[in-house]
Amino acid sequence: MIADMRAMVLGRLAACNLLADLDTLRAALMTFSLACTVRAAMQVAGLAVNRLPVYASPTASAPSAFRITTLGQNPNLSAMILAAGMITVIGLELSRDWRLPRFGLFTWPMAGVMGVAIIQGGSRGGLLCALAGLAVFALRGR
């Protein structure tokens, strides 16, 4: 367990050192944002979608609803990653640092597609993550 903690600390230190370089930071943010958008667009478009049944009670014979996910990924994990992607896209647009990338007119459609995918997944935790991130932007002031 101690060895795992050491590896985790060293990994985080390496990531902090790598992201201190502006070109690397820019590339990482763009890659993450675009990957989350493509993943969400695949789900919304219905490509490689899995429908996981949700039963209203343990004795119910027919599912009451479906949780939609792409490529068999866990809907809760998928929603948390997409929430982070949505907040990254919006945060890049609202950032005042001119050196960071922006998506311009594509920002809000990208965030919208990710929001729809989060809702389709049916994850309450992922939706809460997205709302908490949006609340930070809404409450930050000028």
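Quick caveat: nothing in here was measured; it's all calculated off a predicted structure.

A.B. asks: Teacher, can you tell me more about the overall build of the protein here?
C.D. replies: Counting secondary structure elements, the protein contains five helices and two strands. Taking the principal axes of the C-alpha coordinates as reference, the protein spans close to 55 × 45 × 30 Å. Put simply, the protein has 142 residues, and 27% of those count as buried. Across the protein, the fraction of contacts at a sequence separation of at least 24, relative to all contacts at a separation of at least 6, is 58%. With an accessible surface of roughly 9,200 Å², the protein has 70% of that area assigned to carbon and sulfur atoms. Averaging the locations of the 12 positively and 5 negatively charged side chains of the protein gives two centres separated by 12 Å.

A.B. asks: How should I be thinking about the nonpolar core in this particular structure?
C.D. replies: Side chains of a nonpolar character, in soluble globular proteins, are inclined to be buried together. Judged by nonpolar contacts, the single largest core of 17 residues is most densely connected at Leu82, Met86, Met114 and Ile118. Secondary-structure elements contributing two or more residues to this core are α2 (22-45), α3 (75-94) and α4 (107-121). Setting aside its immediate chain neighbours within four residues, Ile118 contacts Ala79, Leu82, Ala83, Met86, Ser123, Gly126, Leu127 and Ala130.

Cut-offs used in this document
Residues numbered from 1 in each chain as written. Predicted model: local features only at pLDDT ≥ 70, side-chain atom pairs only at ≥ 80, totals over all residues. Heavy atoms only, no water. Helix = DSSP H or I, 4+ residues; strand = E, 2+ residues; numbered from the N terminus. Buried < 20%, exposed > 50% of the residue type's maximum accessible area, 1.4 Å probe, protein only. Contact = heavy atoms within 4.5 Å. Areas by Shrake-Rupley, 256 points an atom, 1.4 Å probe, with all protein chains shown as cover. Lys, Arg positive; Asp, Glu negative; His and termini not counted. Charge placed at Lys NZ, Arg CZ, Asp CG, Glu CD. Core = buried A, V, L, I, M, F, W, Y, C linked by side-chain atoms within 4.5 Å.

These figures capture arrangement, not role.
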